[in-house]
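What follows is the residue order along each chain.
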Amino acid sequence: MAMELDVFVGNTTIMDEEVYQLWLDGYTVSDAVKVRMEGGVMEECEASADVLLSDTMDQYRTFQMCERLLYSPAKLANQLLFQIPPHRQAILIERYYAFDDAFVREVLGKKLSKGTKKDLDDISAKTNVTLKSCRRQFDNFKRVFKVVEELKGPLVENIRQHFLLSDKLARDYAAIVFFANNRFETGKRKLQYLTFQDFAFCAGQLINNWTVGAVDNMVEDMDVDLDKEFLQELKELKILITDKDLLDQHKSLVCTALRGKTKAFNEMEANFKNLSRGLVNIAAKLTNTKDVRDFFIDLVEKTPSCVGQIHGRHQKLYLQNVSRLKRISSPAYFFPCLSPPPPPADAVISAPPVRTFSVFDLSAVIISSLSASLLESSVCKSDL
Amino acid sequence: MPGKLKAKIVAGRHLPVMDRASDLTDAFVEVKFGNTTFKTDVCPKSLNPQWNSEWFKFEVDDEDLQDEPLQVTVLDHDTYSANDAIGKVYIDIDPLLCNEAASVISGWFPIYDTIHGIRGEINVLVKVELFNDLNRFRQSSCGVKFFCTTSIPRCYRAAMVHGFVEELVVNEDPEYQWIDRIRTPRASNEARQRLISLMSGELQRKIGLKVLEMGGNAVVGYLQCFDLEGESGLVVRAIGTACTLDKLSSGSAPNTATHTHPNTAPASNACNSPSKDGKEPVFGEDLLSSSGPPTPFRALPTSSSSPPPLSPSKPCSRQSSSSDTDLSLTPKTGMGSGGSAGKEAGPLKTLLRQQTQTALEQRGASSSGLLLNAREFPFFTLTSFPPGFLVHVGGVVSARSVKLLDRIHNPALGNTRSYKLLDWNSVTADEPETRDAWWEEIRQEIKSHAKALGCHAVVGYSESTSICEEVCILSASGTAAILNPRYMREGCLDIGIVDHRFEDPSPPSCGFCHIPYDELNMPFPTQLTYCYHCRRQKVPDVLFTTIDLPPEAAVTGKGCLIQARLCRLKKKAQGEVNATAISNLLPFMEYELHTQLMNKLKLRSMNALFGLRIQISIGENMLLGLASATGVYLTALPAPGGIQIAGKTPGDLSNEHHILTIQKRINDTIAKNKEIYQINPPKLFALDPEVFCGTNMELTEEVVGSPIPEPRQRSRLFRSHSESSDEVSELDLSHGKKDAFVLEIDDTDAVEDIHSLLTDATIPTGFNSCNTEIMPGIYNWTSAVQMFTSVRVFRLSNANLTNQGLNKIFTDLCENLLKSFYFKLRSMIPCCLCHLNFTVAVPEEELIQVAVTAVAMTYDKDQTQEKPAEKPITKGCIETEEQLQFPMELCADSSSTNTQLSSKISVSSLERSSPVPDGRSRSLRSTRGFGGSSVTVVKMTPLSFLPGTRIIKYLGIINMFFIRETTSLREEGGVSGFLHSFIAEVFAMVRAHVAALGGNAVVSYSMKECVFMENPNKNQAQCLINVSGDAVICVRETDQEPVPSNIGQTCTSETDGAT
């Protein structure tokens, strides 16, 4: 029966999670009805196709009305139009802001502009995510980006509070914002094997250690922009390649730290000079915006192939390093050691190793996460 | 100067962007009451302005306080052009006038615009200081409590039931004023909203005055309706039952029935009942006799229901009422139906058709010389009664009348627009009288019907209208009953009718079924048997009523919703011809609806209908009839027999076979239904031959192909016909005197009918449905509640325009609606859809609109079969007795004490059977939810209770009227999108008002009007919605003190304006 008008409104807003997901995935009403029929709801409740259609339309309408509120999820909690229990609200928000890894991988590091939005149909075709869903995800990225752009304080925390997202999702969004802001190139073919989660991990590390926020937590954009001063200082690392003594010292420090902790250790030790040179060269160029953008490509391209092996290190080490890096990046520790350029020879023994270690380690950590795919594959398993 | 109204504007939030350039808004607020307006400062460039204004004080008359709403308008300040209105909030301050209700209104209100819908929210604080010397206070009707609930509200007890109150006010509809041609739709809508708000206030005040005159302090079962008569005006009318209510207060000592003064009664312990069961009003006998004497009433020289004379000196300062007040207060008792008919426009215009539903003919009984006070209507809008109140029930009485709406009613004034402009108030002055006379006529008729049934009262009484162009059907219906006069004010009922039955108290579980009329002088032919429960009194074979199932009634199995649906085509016509055509069709429609109901009842093996509501709607080219009721198997009544099919041409073999098939299907269905509804009547009385059809499954075989050997199964339908209906039905009547209940298949129509009977979809497992307050057979509700409103409009294509086709479409429409509810609410299984209230309308020529409001409630499946009431629970007794106070001094007759006691026990145990608690309390408002401010959860239900909770305070009546219009229909998602958001907005506004009063629930919620008009070509639509209910605070049954609970719902804490 075709209805001229057909509405159902509950005092407590009724929402079917399955239909919500179909709506989010950009299914049209008729497609959604088909999917639901195949899902077998009908048998379950003796419903007919008419009933299903009417229900789906109702739900779609409800979601469309809610969408406006979901743009600023905080509103959802104190709006009066829909009476939605808090746990449902949380589900609505979390699902609305969820994204497809395939899609995000395509736009990661791209400017969230109208131009990119125009390309969404290509991305949709490529990733098999419906255009509607692509648009929603893209708009979500853009919305989050715009909001946090103007906020002070830690990026992840801002996202979580402003959009009432779970910690995990907030971190992912932080990564997206971070990448979009720094415009890291991630689309090259050589980087294709890396997943979004790999990048997200790197972003987390970079945010924690390389941004202004790592040293001062009340600046605007603190977690979004890389610390220029720090990048400048990285140039001094060249000494690790030019000075034979320091190189050796560096090598022994790193080897001590990594010995027995990675299967790739031998190769790393053997190739240490090349490896170190490659990484230091990359680090030294980071003052240049173009080079920042190419950071990930450079890591893959310009370090000896054996780096790949290093990635396979035991995860424990990688965790250790993370904690160590945090320590190093605390301002009290960081600046006294690093600031005075150029370091006197004897000071190098105490201070630079810490620092070089940090840089190398960071690279290693980054690279290791870059190759999370490797981790997952055989290398990792045999390692464990 | 009896009152000072104070309002404070605190803040706004989520305002819309009014200035495109800055994406911000410069908002300020105008606060208006009567003719006084205050403004706040402009809060520049903010979507979340903080005004934190001073207290705006209005010094006003209490009459105005009752009539007028506080009007809060939010505007955007423009330096160069006119200020743009963002939206408005109307706040009804009536709840603040009653010292037992709310003390402050404080909270976030949605800012509503009739074109854009909700646009942000505003936080407002309102207080009233009444200079209350109490006597003064009593002179206006401030303080009279109003309840939509059609039973004695929980946490009150009725010291006295005074009787029927009614009132109506008429005004010109602003939409039809000449000025409407030049003003914006917004201005027109707002004028309408405001006018209706004023009229409701006025109406309520007037009713309040009547109640005070009668010596009451409350109106229960308050039913207010609007008749949008178009050109001829706007009628707001209301009926209710005047009562004297005492607040039950338990205090700290549960063993003393002390009556704390309402003011001092703490909200948390206003009622110490551990639980309130679904249907039991707190009302009973004050066994301890410790309460004070009932509120003294003034014995009036005239009796209650026709407007009592008021002191003419009472100044009527209301702008639109200066003349009509006086007129409507004129006692109209002398106005017989004939008189008013003549006055209207000749006999054709006042065709009066009435029909009694189950059982009514004037024969015999009318001449029995019962002298009821002719000037009084012993009507009660209540549908549920305290134990012992309802003695016997006769059956449904109803009356309908077709009227022509015509401006000729104001002959002296003519109808020149310009004249109306000059003094349009006086134009309408005459109308209340006309309308009053119409209703008076109908009520008289109802009364005489009741009398014919040997009853002196009508309970479950309601009135409704259906208007199409200038034709209007007025309908009234109720249940004829005999009430226990002890509960009445003296003179309210004619005691002369009391007969021997009063001295012989019937058991409560069956007493109400016993016939009230004289066995030897029956008003209609019916089959009487001795009561299957007590074997002492006679009962009819079938009982139809408009009331709720009495809680103490003995029921076998479960009940279910039974609907009869009917469409009748009608030629398009104008004026009198149209009215004639309609009134000619009415009796046939009623007859057919009745047949359907009876058939469906039999098909479900049930023998009584409760909550019967028959709605007949007129459209330009058709009439729609919808009868809804809850079918029940009353243990006291005889078992219904089956349905037998007979062919007209017995010779035809194939036909014969066909009939056999159908017969088998019917028998199968009956057997299946017995199983579904668990109807296993006890086979106690072997002497009765009919008991054979108990539970046994052999029934099917036994009956197949053989005529059912039951002499009693004659359909009651043949007896029901109106006194003015044609002789055709008389012929049918004689036909019905054949021995079995036979459905004759003589043409295709009949086959269709039977098919439609059988194709009624069965309810999916796990669901139950009813249209009454409670579902017979389910006693263990859990706390989940989902109230919903659903509206469907179907556009007929021309091809379908036959009666049969229409019937099919209409039936499918209703069935599909139900199916879709079952589907949507599947997560609540096992659950029951209660109070399913269907409203049909024919908004345009080819449209059928069905609107449903109902509540889904979950229950505990394990105990459904057991009615715990059967075993007395001593533990509950003591406590319960105190609540069931009833002033014994009202009457010395204590003969029915036993009755009451036993029912009390059943009540208490019933109460205990719904253990799952839920609900929240006012104190929760002070606890902060996460994230600063969130919203109070407000539950809504059309029932008078919320399962698992008890109501500790009634905060006042919610009666709201909204108009929404759009000129961008497509952009808002078409008609469905438009109406969907409007209904959601209405819910939101109701919730916000309740929350602002400090409440957390609305009970007895109903959507009385939902008028939807569209013009897709112009991309326009308009909708009017009127909702009402009682705002309450309820707490979980188990909570002694209101404490925060139920984490799942701890979405609490309004940001209090003051903080």
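Residues numbered from 1 in each chain as written. Chains lettered and ligands numbered in written order. Predicted model: local features only at pLDDT ≥ 70, side-chain atom pairs only at ≥ 80, totals over all residues. Heavy atoms only, no water.

**A short note on the overall build of chain B**
Then comes step 1: Across its full length, chain B holds 17 helices and 32 strands.
Then comes step 2: Within chain B, buried positions represent 66% of all 1059 residues.
Then comes step 3: Across chain B, the fraction of contacts at a sequence separation of at least 24, relative to all contacts at a separation of at least 6, is 80%.
Then comes step 4: With the model as given, the accessible surface of chain B reaches about 34800 Å², and the carbon-plus-sulfur share is 54%. (Helix = DSSP H or I, 4+ residues; strand = E, 2+ residues; numbered from the N terminus. Buried < 20%, exposed > 50% of the residue type's maximum accessible area, 1.4 Å probe, protein only. Contact = heavy atoms within 4.5 Å. Areas by Shrake-Rupley, 256 points an atom, 1.4 Å probe, with all protein chains shown as cover.)

**As for empty space enclosed by the protein**
All names here are of chain B.
Then comes step 1: One number sums up the size of the largest cavity: a volume of about 500 Å³.
Then comes step 2: Lining the largest cavity are 36 residues; nearest its centre among them are Tyr90, Asp92, Ser197, Asn959 and Met960.
Then comes step 3: When contributions to the lining of the largest cavity are tallied by element, the ones reaching two or more residues are helix H1 (62–67), strand E6 (84–92), helix H2 (94–97), strand E7 (105–113), helix H4 (185–214), strand E30 (949–966) and helix H17 (974–996).
Then comes step 4: The biggest single contributor to the lining of the largest cavity is H4, with 7 residues.
Then comes step 5: Residues belonging to the lining of the largest cavity are distributed by class as follows: 19 nonpolar, 10 polar and 7 charged. (1 Å grid on protein atoms, 1.4 Å probe; cavity = no way out; pocket = protein on both sides within 12 Å on 5 of 7 lines; lining within 4 Å. Points joined across faces, edges and corners; volume = space filled by probe spheres on them. Nonpolar A, V, L, I, M, F, W, Y, C, P; charged D, E, K, R; others polar.)

**Comments concerning the packing of aromatic side chains**
Then comes step 1: Here the structure, examined in full by the defined rule, presents 39 aromatic pairs over all chains.
Then comes step 2: Ring centres of A:Phe99 and A:Phe196 lie 5.4 Å apart, and the angle between their planes is 90 degrees; this geometry places the pair in the edge-to-face category. Of this pair, A:Phe99 sits in the loop between helix H6 (86–97) and helix H7 (101–107) while A:Phe196 is found in helix H13 (residues 196–210), placing the two residues 97 residues apart along the sequence.
Then comes step 3: Classification of A:Phe99 as buried rests on a relative accessible area of 14%.
Then comes step 4: Classification of A:Phe196 as buried rests on a relative accessible area of 1%.
Then comes step 5: Where B:Phe788 meets B:Phe821, the ring centres are 4.7 Å apart and the plane angle is 55 degrees; that geometry is what we call tilted. (Phe/Tyr/Trp six-rings, centres within 6.5 Å; stacked < 30°, edge-to-face > 60°.)

**Quick look at the pattern of salt bridges**
Then comes step 1: Counted under the stated rule, the structure contains 43 salt bridges over all chains.
Then comes step 2: B:Arg157 is the partner of B:Asp246 in a salt bridge, and the nearest nitrogen-oxygen pair spans 2.9 Å. Placement of B:Asp246 in strand E12 (residues 234–247) and of B:Arg157 in strand E10 (residues 156–171) is noted, with a sequence separation of 89 residues between them. Across this residue pair, the class does not change: B:Asp246 and B:Arg157 are buried.
Then comes step 3: Among the ionic contacts, a cluster of salt bridges with common partners joins A:Asp16, A:Arg36, A:Asp55, A:Asp58, A:Arg61, B:Lys824 and B:Arg826. (Salt bridge = Lys/Arg side-chain N within 4 Å of Asp/Glu carboxyl O.)

**Details of the interface of chain A and chain B**
Then comes step 1: Taken together, the contact between chain A and chain B spans 39 residues of the former and 56 residues of the latter.
Then comes step 2: In this assembly, chain A and chain B are joined by 5 salt bridges.
Then comes step 3: Across the pair A:Asp58 and B:Lys824 runs a salt bridge, and its minimum N-O distance is 3.2 Å.
Then comes step 4: Residue assignment for the side of chain A that touches chain B shows that the elements contributing at least two residues are strand E1 (5–10), helix H3 (41–45), helix H4 (49–70), helix H5 (73–78) and H6 of chain A.

**Concerning the side chain of B:Ser46**
Residue and element names in this part refer to chain B.
Then comes step 1: Residue placement: Ser46 occurs in the loop between strand E3 (36–39) and strand E4 (56–60).
Then comes step 2: With a relative accessible area of 15%, Ser46 lands in the buried category.
Then comes step 3: There is a polar contact of 2.9 Å between the side chain of Ser46 and the backbone nitrogen of Asn48.
Then comes step 4: Ignoring anything within four residues of it in the chain, the contact list for Ser46 reads Leu15, Leu24 and Thr25. (Polar contact = N/O pair within 3.5 Å; in protein donor to acceptor, adjacent residues only side chain to side chain.)

**Section: the sheet that holds strand E27 (residues 831–841) of chain B**
Then comes step 1: Taken together, 5 strands build an open sheet; the order of strands is E1(A)-E26(B)-E28(B)-E27(B)-E25(B) and the sheet is mixed. Strands with a single pairing partner mark the edges of an open sheet, and in this sheet they are E1 of chain A together with strand E25 (767–769) of chain B. Across the sheet, the mean angle separating the axes of adjacent strands is 20 degrees when strand polarity is ignored.
Then comes step 2: As paired strands, E27(B) and strand E28 (residues 847–859) of chain B are joined by 9 bridges and run antiparallel to one another. Pairing of B:Val840 across the sheet is with B:Val850, part of E28(B).
Then comes step 3: Strands in contact with helix H14 (residues 803–824) of chain B are E1 of chain A together with E25, strand E26 (781–795), E27 and E28 of chain B; relative to E26(B), the strand with the most contacts, it is inclined by about 145 degrees.
Then comes step 4: Of the strands in this sheet, E1 of chain A together with E26 of chain B touch H17(B), which is tilted by about 25 degrees from E1(A). (Pairing = 2+ DSSP bridges. Axes fitted to C-alpha atoms, helices over the stretch in contact; angles between N-to-C directions.)

**A look at the pairing of E28(B)**
Residues and elements named next belong to chain B.
Then comes step 1: Of all 13 residues making up E28, 13 are buried, and the element is well covered by its neighbours.
Then comes step 2: Residues Leu847, Gln849, Ala851, Thr853, Val855, Met857 and Tyr859 of E28 are buried on one face, and the alternating residues Ile848, Val850, Val852, Ala854, Ala856 and Thr858, pointing to the opposite face, are buried as well.
Then comes step 3: Across 12 bridges, the pairing between E26 and E28 is antiparallel. Paired with Phe794 across the strands is Ile848, a residue of E28.
Then comes step 4: Turn length for the E27-E28 hairpin, with the two strands adjacent in sequence and antiparallel, is 5 residues.

Function cannot be inferred from these measures alone, as they are strictly geometric.
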